[in-house]
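Below, each chain spelled out in residue letters.
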Amino acid sequence: MSQSLRLAFFTGGVAMGVGMMAPAVHAQETNDDKPMGRVEITGSNIKRTQQEGPASTQILTRKDIQQSGKTSVADVVRSLSADNNGSISGSFTNGFAGSASGVSLRGLSVNSTLVLINGRRTAPYGLGDDGQRSFVDLNSIPLGAVDRIEVLKDGASAIYGSDAIAGVVNIILRETFEGKTISGSLGTSGHGDGTLRSVSGTFGFGNLEEDKYNYFFSIDAKQSNAIWQKDRPEYLGQADARPWGGRDQRGGATTSSNTGGSSFVGTVRPVDANGNTIPGRGIQNLPGCAYIDRNTSINSGGGCLWDPIQGGYQSVQPETQNINLYGRGTLKISNDMQAYTELGLFNSQAKTVNTPSALTGTGFDLVNNRVVNTNTGPDQLLLPIGHPDNPFANNRARPRWVDPNRPRTSDLDTTVTRLLVGVKGTSFGWDYDSAILYAQSKTDRVQNGYYRASALQTAMNNGSFRIGQAGALNSGQTLGLVSPELKNSATTKLALWDFKGTREFGQLPGGPIGIAVGGELRHESTDSQATPFTDINDIVGLGYAAARSSRNISSLYTELALPVIKQLEFQLALRTDQYSDYGNSTTPKIGFKFTPIQQLAFRGTYAEGFRAPGPAESGDSAVSGFTTFTNDPVRCPVTKLSADCQDGKNVGAVTVGNKNLKPEKSQSYSLGFILEPIKNTSISVDYWRIVRKNEITGSDPDAIISDPSRFPDATIVRGEPTSDFPGLVGPIQLVKAPYINAGQTRTSGVDIDLRSRFDLSTYGRLTAGLTVSQMFEFKRTTNGVTQNFVGTHGDKNLSGNGGTPRTRASASLAWDRGPFNVTTSLNYVSAIENKNETGGPCLNLDPVTGKALTNCRIASFTTVDLFGRWDVSKQWQVTAAVANLFDRLAPLDVQTYGRINYNPSLHQSGAVGRYFTVGARYTF
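Residues numbered from 1 in each chain as written. Predicted model: local features only at pLDDT ≥ 70, side-chain atom pairs only at ≥ 80, totals over all residues. Heavy atoms only, no water.

Draft legend 1. Region of the structure containing the overall build of the protein. In terms of helices and strands, the protein carries 11 helices and 45 strands. The C-alpha atoms of the protein give 29 Å as radius of gyration, which agrees with the globular expectation for 924 residues (29 Å, within 12%). If one aligns the C-alpha atoms of the protein with their principal axes, the spans along those axes are about 95 × 60 × 50 Å. A total of 924 residues make up the protein; the buried ones form 56% of that total. Taking the contacts inside the protein whose residues are at least 6 apart along the sequence as the reference set, 71% of them involve residues at least 24 apart. With the model as given, the accessible surface of the protein reaches about 36300 Å², and the carbon-plus-sulfur share is 54%. Computed over 88 positive and 82 negative side-chain charges, the separation of the two mean positions in the protein equals 1 Å. (Helix = DSSP H or I, 4+ residues; strand = E, 2+ residues; numbered from the N terminus. Rg over C-alpha atoms; globule rule 2.2 N^0.38 Å. Buried < 20%, exposed > 50% of the residue type's maximum accessible area, 1.4 Å probe, protein only. Contact = heavy atoms within 4.5 Å. Areas by Shrake-Rupley, 256 points an atom, 1.4 Å probe, with all protein chains shown as cover. Lys, Arg positive; Asp, Glu negative; His and termini not counted. Charge placed at Lys NZ, Arg CZ, Asp CG, Glu CD.)

Shown next, in the form of structure tokens:
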């Protein structure tokens, strides 16, 4: 079999997410003409020659990563074509998970994608995505210590256990290193901001063969400045996107329907003795808008308009500082035994900014099980008669105001610690590896700029808190009382012991049988504290999210590699896991590889998977939010009022942990072929399909309200009876229910890869690659209703509403000659409909004309990156890179709530703009 076809088998026929194919997976670069050793590849515990294996596995070597020009593990992994809806961008700073970054293979969410370090788990980020989904923060892994990244894109629960329904991303760090290298890089955008400074060094001592030991340590420090969205052109730099087919997202408007938005100078409205609005007396705008230097203007209703982007409250990327220490030591005890240890320490600090807080809001008092609405009703915030900002002599006033000088800020300080001690070797014909691991992730969060509702009402009652005049009338003491500093922390811990043994035995016509057996004992715990006072809904604009749980897991697995004949190999695997908090799961996997001729091979896999409930889903936890319901089946038949019968009425939703949850289960299939039509050119096509059942989700409040008898664990909280129907139960305010197993998701698609290598003799070598991931369907069925999200902005409730593009692709062309390398990469994301599901209504309509904004479509996005390297000498290497070479602007997206007017999950580089990086490395 030719070398090219062997490589195609090894990589699974899938191109690098950065466009380049990896020729090998050794820690050092390898020569294609050298014989291939036996290595362990993600997706199998059995060592094998590199061309073997039925599973589709993507490999990114150090060289591939360097030539991508990307500066973090998160950027590299999230550029994979298999990454889709549900991935988390580090720029989504106002989400539950802060500024962390996570990968979502096949769009099945971050908690179904398992991220490993050197084939072992690590502690997940303390703050769950949407308060529910656990994931590993990719930012916590040092890029400088990465040897390669292996991505298994089919179900792998039989090999690795829970969380691997969608696949595995295995970050493999260096095992040994001799010598000393120091490197540094400097990057900045074409706009002169977002400056990135990084310094790293790796120092290794001892030759494992000669000295019987090797130890090395590396340090990687980075500091990145913020990029403010106001410094970007067109619709990115302002909230009013109407000139480009979007909508006006400025705040502070007073509308023709006599509603007042949050204003920099404040609005007031008189209320009667019962707190109700008075007919004929509308909103009064307080004066002073023209004197506030925040790009304000007055709208037709007299409101003080302000731009959240131009006001400096929206960033494209936050200010961050990272430092990562990693060390590994290896001791050769004998020719057949090695002991090793790894120590990692990571610290990240991020500063995020968001728009100023309003004075009022609606939320849930979990302690007293009631909705608290400070906008209207008995809990509303009111200015008393005689307050200096209340112009009505005989009435209390309902105020609205935001302080332009007090944005909401969040400072996150995350520390990840990882310690591993192990031994590996060969004994009695077995290759073995066993280790003990402890990992901890702790995030401390400090938030400012939020109001405590009860303290705010007290300060208004005594006149000490003032609205208007940009907050200049409020003393520091008053602000400290009504807007206290909020601190909370989230900690996850992981402790495990594992063992694994592999060997060959027996003989089949195709070769020796390979076997692997292993096991694992693991303890996991989560303690994610809620933000202070959110349990009683006393912080305006902040919901409650907290989780506390711990559990023990024990696992056993076995795997066989059966070369039935030289042209046909089977892979069989079986794993059983026992969780202390829900029970047992047994998952099988089978794969094959058939090579009828040297130029053609077929492969396929079938696997069953599971995902055990996460800490927020089954632990002592709760998450609060809002949703809608159709009608009130108790009040509507009696009152016939639109308030009880109208579709789309808001209702509070509190979802709590459920210890009786069953695990999610899945079946995954893949089938493909690899063809080498001519030497050094290969094409692969792999079809994949995943069906996930028993999906864990929050209960549907609409279904609970329609038929409470079907949900005995749910609670419907109602308000006081209304005066017009005093004998009837009050309106629905809150639905409280546990997480449940409901529905299924079915997703399928095809991965296509074409690559070729051309020898130009004295002019060097060209390597070309093209990879396409095409999704056919992404259908979710809940309560008997099926929605297809592929090619749309749905699922709109997931992780910042990133959307589900049908096609992601990348292409590259690299030229190597002697000490020089130049690589050009192209990245493509297809357009998506601005709908929640295929065939659904447009999500955003012009409020005046009723026409669809942005033609109900988010445009496709294509960028080109350029990288160059020059090995000046054996000691010196210099590099340069330009990301988004042609400065493509991110498409206008008025739907996503990750950022204003653009989608950070899909188009982040289009908001950053053209970005230049230069670097140098010196080897002693």
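Draft legend 2. Highlighting the nonpolar core. Residues Val-77, Ile-149, Val-169 and Ile-171 are the most contacted members of the largest nonpolar core, which totals 35 residues. Contributions of two or more residues to this core are made by α3 (73-77), β4 (113-117), β5 (146-152), β6 (167-173), β32 (681-693) and β37 (765-782). The leading source of residues in this core is α3, at 4 residues. Once you skip the residues sitting within four places of it in the chain, Val-77 turns out to touch Asp-83, Val-103, Leu-138, Ile-149, Val-169 and Ile-171. (Core = buried A, V, L, I, M, F, W, Y, C linked by side-chain atoms within 4.5 Å.)

Draft legend 3. Broad picture of helix α5 (residues 453-461). When we look at burial in α5, the residues that qualify are Ala-453, Ala-455, Leu-456, Gln-457, Ala-459 and Met-460. Where α5 is buried, its residues contact β20 (396-400) and α6 (476-482). Positive backbone phi, approximately 80°, marks Gly-463, located one or two places after α5.

Draft legend 4. Representation of the sheet that holds β4. As summarised here, the arrangement of the 4 strands in space is β3-β5-β6-β4, forming an open sheet in which the pairing is mixed. Edge positions in the sheet fall to β3 (57-61) and β4, since each of these pairs with one other strand and no more. Across the sheet, the axes of successive neighbouring strands diverge by a mean angle of 15°, strand direction being ignored. Two elements, β3 and β5, share 5 bridges in a ladder whose sense is antiparallel. The partner of Thr-57 across the bridge, within β5, is Leu-152. (Pairing = 2+ DSSP bridges. Axes fitted to C-alpha atoms, helices over the stretch in contact; angles between N-to-C directions.)

Draft legend 5. Quick look at the sheet that holds strand β12 (residues 284-285). In space, the 3 strands of this open sheet follow the order β12-β11-β20, with antiparallel pairing throughout. The outermost strands of the open sheet, each flanked by one partner alone, are β12 and β20. Sheet topology note: the strand β11 (residues 267-271)/β12 ladder contains 2 bridges and is antiparallel. From the neighbouring strand, Thr-267 faces β12, where its bridge partner is Asn-285.

Draft legend 6. Representation of empty space enclosed by the protein within the structure. Within the structure shown, the criterion is met by 9 cavities of 30 Å³ or more. Its boundaries defined by the atoms lining it, the second largest cavity holds a volume of some 460 Å³. Contributing to the lining of the second largest cavity are 32 residues, with Arg-121, Pro-124, Ser-134, Asp-163 and Glu-524 lying nearest its centre. Breaking the lining of the second largest cavity down by element, the ones donating at least two residues are β4, β23 (486-508), β24 (511-528), β25 (545-565) and α7 (615-618). Considering every element that reaches the lining of the second largest cavity, the biggest residue donor is β24, with 4 residues. (1 Å grid on protein atoms, 1.4 Å probe; cavity = no way out; pocket = protein on both sides within 12 Å on 5 of 7 lines; lining within 4 Å. Points joined across faces, edges and corners; volume = space filled by probe spheres on them.)

Draft legend 7. Seen up close, the side chain of Ser-200. With respect to the secondary-structure elements, Ser-200 resides in strand β8 (residues 196-205). Polar contacts involving the side chain of Ser-200 include one to the side chain of Ser-183, which spans 2.6 Å. Other than its neighbours up to four places away in sequence, Ser-200 contacts Thr-181, Ile-182, Ser-183, Ile-219 and Asp-220. (Polar contact = N/O pair within 3.5 Å; in protein donor to acceptor, adjacent residues only side chain to side chain.)

Draft legend 8. Here's a closer look at the state of the cysteines. Under the defined criterion, the tally for this structure stands at 2 disulfides. For Cys-636, the disulfide goes to Cys-645, at an S-S distance of 2.1 Å. Residues Cys-636 and Cys-645 share a disulfide whose torsion about the S-S bond is about 115°; that sign makes it right-handed. Residue classification places Cys-636 among the buried residues on the basis of a relative accessible area of 16%. The disulfide partner of Cys-842 is Cys-856, and the S-S distance across this bridge is 2.5 Å. Between Cys-842 and Cys-856, the S-S torsion sits near 125°, and that sign places the bridge as right-handed. One end of the pair, Cys-842, is in the loop between β41 (832-833) and β42 (857-858); the other, Cys-856, is in the loop between β41 and β42, and 14 residues separate them in sequence. Here the two residues Cys-842 and Cys-856 agree in accessibility, since each one is buried. (Disulfide = S-S within 2.5 Å.)

Draft legend 9. Representation of helix α11 (residues 904-912) in the model. The element α11 is largely enclosed, with a buried count of 8 among its 9 residues. Among all positions of α11, only Pro-904, Ser-905, Leu-906, His-907, Gln-908, Gly-910, Ala-911 and Val-912 are buried. For α11, the capping residue at the N-terminal end is Asn-903, with a side-chain oxygen 3.0 Å from the backbone nitrogen of Ser-905. Trailing α11 by a residue or two, Gly-913 shows a phi angle of about 90°, which is positive.

Draft legend 10. Representation of the pattern of salt bridges within the structure. Taken as a whole and judged by the stated rule, the model has 42 salt bridges. A salt bridge links Asp-581 to Arg-551, with the nearest nitrogen and oxygen atoms 3.4 Å apart. Within this pair, whereas Asp-581 is found in the loop between β26 (568-579) and β27 (583-597), its partner Arg-551 is found in strand β25, the two being separated by 30 residues in sequence. The class of Asp-581 is partly exposed, set by a relative accessible area of 27%. When salt bridges that share partners are traced, they join Glu-520, Arg-522, Glu-524, Arg-551 and Asp-581 into one network. (Salt bridge = Lys/Arg side-chain N within 4 Å of Asp/Glu carboxyl O.)

Draft legend 11. Main features of a nonpolar patch on the surface. Together, Ile-436, Trp-497, Phe-499, Leu-521 and Leu-556 make up an exposed nonpolar region whose accessible area comes to about 480 Å². Take Trp-497: it is sitting in strand β23. Judged by its relative accessible area of 37%, Trp-497 is partly exposed. (Patch = residues over 30% accessible without salt bridge, like charges linked within 9 Å, V, L, I, M, F, W, Y side chains within 5 Å.)

Draft legend 12. Region of the structure containing the pairing of β5. Most of β5 sits out of view: 7 of its 7 residues are buried. Pairing between β5 and β6: 6 bridges, direction antiparallel. Pairing of Arg-148 across the sheet is with Ile-172, part of β6.

Draft legend 13. Quick look at the pairing of β4. Counting buried residues in β4 gives 5 out of 5 residues, a clear majority hidden from the surface. The side-chain alternation of β4 yields two buried faces, one formed by Thr-113, Val-115 and Ile-117 and the other by Leu-114 and Leu-116. Of the pairings in the sheet, the one linking β4 to β6 comprises 5 bridges and is parallel in character. Bridge pairing links Val-115 to Val-169 in β6.

Draft legend 14. Examining the packing of aromatic side chains more closely. The tally for this structure, following the rule as stated, stands at 19 aromatic pairs. Between Tyr-235 and Trp-244, the aromatic rings sit 5.9 Å apart at their centres with planes inclined by 75°, giving edge-to-face as the arrangement. A relative accessible area of 9% places Tyr-235 in the buried class. What makes Trp-244 partly exposed here is its relative accessible area of 33%. On the basis of an interplanar angle of 65° and a centroid distance of 5.9 Å, the ring pair of Trp-401 and Phe-465 is categorised as edge-to-face. (Phe/Tyr/Trp six-rings, centres within 6.5 Å; stacked < 30°, edge-to-face > 60°.)

Worth remembering: the numbers are spatial, not functional.
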